[in-house]
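Read off the chains here:
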Amino acid sequence: VIPAFGSLHPLRFSRVLAMDVTVVGASNTDLTAYVDRLPAMGETLHGHKFQVGFGGKGANQAAMVALLGGRCAMVTKVGADSFGRDTLQNFKTLGLNVDHVLETDQAATGVAPIAVDSKGNNSIIIVNGANDLLSVSDIEKAGDTIRHSKVLVCQLEIKPEVSLAAMRIAKQAGIQCIFNPAPARAQLDAEFYTLPTVFCLNETEAEMLTGIKVDTIEDAEKAGRVLQERGCSAVLITLGGKGSFLLDSSTAKHVPVKAVQAVDSSGAGDAFVGALAFYMARMPGLGLLEMTQRSNEISAESVMREGTQKSYPARASLPASLFE
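What you see is a predicted model, and the numbers here were worked out from it, not measured in a lab.

Basis of the calculations
- Residues numbered from 1 in each chain as written.
- Predicted model: local features only at pLDDT ≥ 70, side-chain atom pairs only at ≥ 80, totals over all residues.
- Heavy atoms only, no water.
- Phe/Tyr/Trp six-rings, centres within 6.5 Å; stacked < 30°, edge-to-face > 60°.
- Helix = DSSP H or I, 4+ residues; strand = E, 2+ residues; numbered from the N terminus.
- Buried < 20%, exposed > 50% of the residue type's maximum accessible area, 1.4 Å probe, protein only.
- Patch = residues over 30% accessible without salt bridge, like charges linked within 9 Å, V, L, I, M, F, W, Y side chains within 5 Å.
- Areas by Shrake-Rupley, 256 points an atom, 1.4 Å probe, with all protein chains shown as cover.
- Salt bridge = Lys/Arg side-chain N within 4 Å of Asp/Glu carboxyl O.
- Axes fitted to C-alpha atoms, helices over the stretch in contact; angles between N-to-C directions.
- Parallel < 35°, antiparallel > 145°, perpendicular 65-115°, else oblique.
- Left-handed = near helix turned anticlockwise from the far one by under 90°.
- Contact = heavy atoms within 4.5 Å.
- Nonpolar A, V, L, I, M, F, W, Y, C, P; charged D, E, K, R; others polar.
- Polar contact = N/O pair within 3.5 Å; in protein donor to acceptor, adjacent residues only side chain to side chain.
- Pairing = 2+ DSSP bridges.
- Core = buried A, V, L, I, M, F, W, Y, C linked by side-chain atoms within 4.5 Å.
- Expected span 1.5 Å × (residues − 1).
- Disulfide = S-S within 2.5 Å.

1. Regarding the packing of aromatic side chains
This structure, assessed with the given rule, holds six aromatic pairs. Judged by centre distance (4.6 Å) and plane angle (15°), the ring pair of F179 and F192 falls under stacked. Of the two residues, F179 sits in strand β9 (residues 176–179) while F192 sits in helix α6 (residues 191–194), which places them 13 residues apart along the sequence. Across this residue pair, the class does not change: F179 and F192 are buried.

Following this line, the structure appears as structure tokens:
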């Protein structure tokens, strides 16, 4: 009988700790209201549906890795409340390593009230709660898990210094890293550009960081060049229904995606990042361009269903060609 992840002692069973991906990031409970249109400032609208789901950029990305069949560890902090207990159970159900899913009684589990309109557009407010208490010390304790992974994924829903600490560990150990600078910030420490293998962001985040409004493919390339000048090895800008734009030392290419009927775009960017992490860990021979194409397809699948993690496709429901 193979013991559950949480029962393994990291020193005695270090081989079992080998992960495809470790995600360091936030866990939130999504509180989603569906409305015909998003409200204007000061306006009250009636919605027609409400649901509670699991979210947080880090948790979403880890869920996507697991649903594709990757071995994934989650490093996060939740509150000592019902949302936190449900989050932990969800991680276990997904098969994530939960050795570093920590609990605190000093703050509530993070929440994200979300409004989604009839076209699938959304507006999100994030209350970080316990996520803000994830510390550099917590990351140091998770250092062996990071070092025993093929890919690390970090974002900005936790304190920047915490993500940096994880990325430094990965860099020193020669581990690949995806950094997703979301939610957007106008200023970033210079190391955020130089530490990751892939700097992956959307149009809004690209504009926030570079001052270039990304409306066209040409705009995406201009923004990517600015980020390269700051030290990024590879830049991936997701463009919603237009696909993605990849820029690295040998490629500057728009990667389109098939048109789909969007129902709910919540978490689509996280689905893309999680899929990319899976491919980098499990199918490195594909090359970044092909990985981007396949991640586009998986992300597009997620927008055709309501919810965040619950909209993510499992490997069995996807074309076999995505895994060949």
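2. Some words on a nonpolar patch on the surface
A cluster of nonpolar residues, F50, V52 and F83, forms a patch on the protein surface that exposes about 290 Å² of accessible area. Relative to the assigned elements, F50 resides in strand β3 (residues 49–55).

3. Let's talk about the packing of helix α7 (residues 203–210) against helix α8 (residues 217–229)
In the contact formed by α7 and α8, the axes pass within 10 Å of each other and the chain directions differ by 55°. With respect to α8, the element α7 is oriented oblique. Here α7 and α8 pass one another in a crossing that is left-handed. Residues A206, L209 and T210 of α7 pack against A223, V226 and L227 of α8. Residue composition of the contact of α7 with α8, by class: five nonpolar, one polar and no charged.

4. What to know about the side chain of S27
By the element assignment, S27 lies in the loop between β1 (19–24) and β2 (28–34). Of note is the side chain of S27, whose polar atom sits 3.0 Å from the side chain of T76. What S27 contacts, discounting residues up to four positions off in sequence, is G55, G56, A59, M74, T76, V78, T87, F91, T109, G110 and N131.

5. A few points about the sheet that holds β3
If you walk across this open sheet you meet the four strands as β3-β2-β6-β7, and the pairing is mixed. Edge strands, defined here as strands with exactly one partner in the open sheet, are β3 and β7 (122–124). Ignoring which end each strand starts from, the neighbouring axes of this sheet average 20° apart. Across seven bridges, β2 lies against strand β6 (residues 110–116) in parallel orientation. Looking across to β6, one finds that Y34 is bridged to V116.

6. Details of the nonpolar core
Core analysis: the biggest nonpolar cluster contains 40 residues, and V21, I178, V198 and L276 have the highest contact counts within it. Looking at this core, the elements that each hand over two or more residues are β1, α1 (57–67), β4 (72–79), β5 (97–104), β8 (149–154), β10 (198–202), α9 (268–282) and α10 (288–302). No other element matches the ten residues that α9 contributes to this core. The contact partners of V198, leaving out residues within four places of it in the chain, are C177, I178, F179, A234, L236, L276, M280 and L288. Among the nonpolar cores identified, the runner-up in size contains 39 residues, and L134, A170, I175 and V235 belong to it.

7. Let's talk about the pairing of strand β11 (residues 235–238)
As a general feature of sheets, a regular strand has side chains that alternate between the two faces. Across the two faces of β11 the burial is the same, with V235 and I237 and L236 and T238 all buried. Here β10 pairs with β11 via four bridges, running parallel. Bridge pairing in β11 links F199 to V235. Pairing between β11 and strand β12 (residues 244–247): four bridges, direction antiparallel. Among the inter-strand pairings, V235 is bridged to a residue of β12, identified as L247. Counting the residues in the hairpin turn of β11 and β12 gives five residues, including G240, whose phi is positive at 60°.

8. What to know about α10
Spacing of three or four residues puts side chains on the same side of an α-helix, whose turn is 3.6 residues. The end-to-end C-alpha separation of α10 is 21 Å, in line with the 21 Å expected for 15 residues at 1.5 Å each. Of all 15 residues that make up α10, eleven are buried, and the element is covered over most of its length. Among all positions of α10, only L288, M291, T292, R294, S295, N296, I298, S299, A300, E301 and S302 are buried. Against the buried residues of α10 lie α1, β10, β11, β12, β13 (252–255) and α9.

9. Digging into the pattern of salt bridges
Tallying each qualifying case throughout the model produces eleven salt bridges. In this structure, the salt-bridge partner of R282 is D20, at a minimum N-O distance of 3.1 Å. In this pair, R282 is assigned in helix α9 and D20 in strand β1, connecting sequence segments 262 residues apart. For D20, a relative accessible area of 7% translates into the label buried.

10. A look at the state of the cysteines
Summed over the entire model, instances satisfying the criterion amount to zero disulfides. Among the cysteines around C200, which has no disulfide bond, C232 carries the closest sulfur, lying 11 Å off.

11. Considering the side chain of Q309
Assignment of secondary structure puts Q309 in the segment after α10. Take Q309: its relative accessible area is 9%, and that puts it in the buried class. Within polar-contact distance, the side chain of Q309 engages the side chain of N90 at 3.1 Å. If sequence neighbours within four positions are ignored, Q309 has contacts with F54, G55, A59, N60, A63, N90 and L94.

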